[in-house]
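Reading the structure
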Amino acid sequence: MNSQPLNRTQVNPAPVLDPFWCPDLVSTRDLGPGGVEAVLHLAAIMKARPADFRGALLGKQMVMFFEKPSLRTRITFEVGMSSLGGVTHFVDQTHGRIDGREKLSDIAHNLERWVDAVVLRTFAHETVEGMAEHASIPVINALSDLEHPCQGLADYLTLQEQFGDLNNVCLAYVGDGNNVAHSLLLTCACLGSSIRIATPLGYEPDAQIVADAREVAQQTGAVIELLSDPHAAVSGADAIYTDAWASMGQEHEAEMRARIFSPYQLNGELASKAASHAVFMHCLPAHRGQEITDEVMDSQRSVVFDQAENRLHVQKAILYLLLGGGHRLPVRSAHA
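Procedures and definitions
- Residues numbered from 1 in each chain as written.
- Predicted model: local features only at pLDDT ≥ 70, side-chain atom pairs only at ≥ 80, totals over all residues.
- Heavy atoms only, no water.
- Helix = DSSP H or I, 4+ residues; strand = E, 2+ residues; numbered from the N terminus.
- Rg over C-alpha atoms; globule rule 2.2 N^0.38 Å.
- Buried < 20%, exposed > 50% of the residue type's maximum accessible area, 1.4 Å probe, protein only.
- Areas by Shrake-Rupley, 256 points an atom, 1.4 Å probe, with all protein chains shown as cover.
- Lys, Arg positive; Asp, Glu negative; His and termini not counted.
- Charge placed at Lys NZ, Arg CZ, Asp CG, Glu CD.
- Arc of directions from axis to C-beta.
- Contact = heavy atoms within 4.5 Å.
- pLDDT = per-residue confidence, 0-100.
- Pairing = 2+ DSSP bridges.
- Axes fitted to C-alpha atoms, helices over the stretch in contact; angles between N-to-C directions.
- Phe/Tyr/Trp six-rings, centres within 6.5 Å; stacked < 30°, edge-to-face > 60°.
- Salt bridge = Lys/Arg side-chain N within 4 Å of Asp/Glu carboxyl O.
- Right-handed = clockwise from strand over helix to strand, strands pointing away.

Moving on, we get to the overall build of the protein chain. Within the protein chain, the regular secondary structure consists of 12 helices and nine strands. A compact globule built from 336 residues would reach a C-alpha radius of gyration of about 20 Å, and the protein chain, at 21 Å, matches this within 12%. With the C-alpha coordinates of the protein chain rotated into their principal frame, the extents come out at 80 × 50 × 35 Å. Here the protein chain holds 336 residues, and 55% of them are scored as buried. Accessible surface for the protein chain amounts to roughly 14900 Å². Of this, 51% is attributable to carbon and sulfur atoms. Taking the average place of the 25 positive charges on the side chains of the protein chain and the average place of its 40 negative ones, the gap between the two points comes to 7 Å.

Structure (C-alpha cells):
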C-alpha cells in the first residue's frame, strides 16, 4: 500500500520583500537611509533566529582579498558565509597590492565568471571602487583607507540593542578622523541619530564625507557636530567611541600621534563626563594604555565585544541582501 507523505510545515528564511536596490557595498552612501535600516533590521532577525537562514546562500561562492591583516573581519565573513550555506575562498594579499601583477579590471572580469561576490580589505579606497566598477557581481568593502562600512553598521546595531530608538542616542567619537569615523558619520546620518566627532586640529574627518553626511542628515533629522574638545564631545553622551590613533600604514607616525592625541585618551576621567548610563566602544584591535585604558576597556559598561559579535550578524545580512537570499537574483557567474 502506498503511503501518503506527511504534511510538513517548512520554515523558510524571513523574506526580503523587495529586490535589494544596492548592487555593491563600497560605501555606506551606497545604502542610504533605507538600505541601512534594511541591514540592521535583517541583522537583528538573523541574530535572533540563525537557524532560519541555514542554506539561504547554498551554492554561492565568495572570494576575499585582504591587503591588510585581519582577525574580526576575516573570521566573521567566513563564519557568516558558511552559516548561510555558502563557500569562501581567501587570498592573502598582504605581500603586495591586489593589482600589483595585473590590471584590476582584468582581475574583476575573471572573478565575475567564477564567484558570486568579492570582499576587499585594502589600503586604497580606489581599489574597491575599481573592482565594483568592472565586476558584474557584488563587491563589499571590508575596510579601505576612506571607509569601514561593515564596522559602522555593526556599531549602530550594538547601540540599537543597548538603547532601542536610535533617534534619541548621542554618540561621541574621540580621536582620529579616520575611516571608522567616516562610516560612523554616514551611518548616523542615515539613521537620524546624533553624533559628535572630536579630533585634534588637522585630523578632522574628510570634508566630502562630512558634506555627504550632512546632506543625508537634512532628510533624516540627524545631528552632526564636529569639535576639537573631547570633554565637550562626551558631555552627557550615551556612548563614547575611540579607535587607534595610528591606522595600519601610519606606523611611522605613531610616536608623533601619541603626543598629539594624548588628550583624547578614553580613560576614567573622560568617561565620567558622559551620561551615567553611557557605554564605551572600540572597533578593535585596541592599543591598551594609548587610546583607551584597561579601566574603561574592561568595565561593565564596555560593549567592545558586542560590537565584534555584531560584525558577524551585520555581514550575514549584507551577504543575504546582496546575493538575493531566498529571492534569487539573475545568475551572473558561470559556475551556477
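Before going further, it helps to spend a moment on the environment of Ser 272. By the secondary structure assignment, Ser 272 is in the loop between helix H10 (268-271) and strand E9 (279-282). Accessibility expressed as a relative area gives 52% for Ser 272, which makes it exposed. On a C-alpha basis, the gap between Ser 272 and Ala 211 in space is 31 Å, while along the polypeptide they are 61 residues apart.

Within helix H3 (residues 104-111) the residues assigned to the buried category are Leu 104, Ser 105, Ile 107, Ala 108 and Leu 111. Viewed end-on, H3 has its buried residues packed into an arc of 155 degrees, placing them on one side of the element. Turning to H3, the residues buried within the fold contact strand E1 (61-66), strand E3 (117-121) and helix H4 (125-134).

Next up on the list: the confidence of the model for the protein chain. Summarising the model, the protein chain shows a mean pLDDT of 92, and 90% of its residues fall at 70 or more. For the protein chain, the element scoring lowest by mean pLDDT is helix H9 (residues 254-261), at 94; strand E8 (residues 239-242) scores highest, at 99.

Turning to the sheet that holds strand E7 (residues 223-227), a few remarks are in order. Taking strand neighbours across the sheet as the criterion, the five strands line up as E7-E6-E5-E8-E9 in an open arrangement whose pairing is parallel. The outermost strands of the open sheet, each flanked by one partner alone, are E7 and E9. Across the sheet, the mean angle from the axis of one strand to that of its neighbour is 20 degrees, orientation sign disregarded. Looking at chain direction, strand E5 (residues 170-174) and strand E6 (residues 194-198) are connected through five bridges and run parallel. Paired with Val 174 across the bridge in E6 is Ala 198.

According to the stated counting rule, one finds six aromatic pairs in the structure shown. Ring plane angle 65 degrees and centroid distance 6.3 Å describe the contact between Phe 261 and Tyr 264, whose orientation is recorded as edge-to-face. Taking relative accessible area as the criterion, Tyr 264 reaches 6% and is therefore assigned buried. Ring pairing ties together the aromatic residues Tyr 203, Trp 245, Phe 261 and Tyr 264, which thus form one cluster.

What follows is about the pattern of salt bridges. Inspection of the entire model under this criterion finds 13 salt bridges. One salt bridge in this structure joins Glu 78 and Arg 74, with 3.1 Å as the shortest N-O distance. Taken together, the residues Glu 78 and Arg 74, both in helix H2 (residues 72-83) and four residues apart, mark about one turn of the helix. Overall, the relative accessible area of 29% leaves Arg 74 in the partly exposed class. In this structure, Asp 298 and Arg 288 form a salt bridge, with 3.0 Å as the shortest nitrogen-oxygen distance.

Turning our eyes to something else, we now look at the pairing of E6. Extensive coverage of E6 is indicated by the burial of five of its five residues. Neither face of E6 is left uncovered, since the one carrying Ser 194, Arg 196 and Ala 198 and the one carrying Ile 195 and Ile 197 both have all their residues buried. A crossover links E5 with its parallel partner E6, the connecting element being helix H6 (residues 179-191), and its sense is right-handed. Across five bridges, the pairing between E6 and E7 is parallel. Along E7, the bridge assignment pairs Ile 195 with Ile 224.

To continue, consider the environment of Val 118. Note on placement: Val 118 falls in strand E3. Accessibility expressed as a relative area gives 0% for Val 118, which makes it buried. Separated by 194 residues in sequence, Val 118 and Leu 312 place their C-alpha atoms 17 Å apart.

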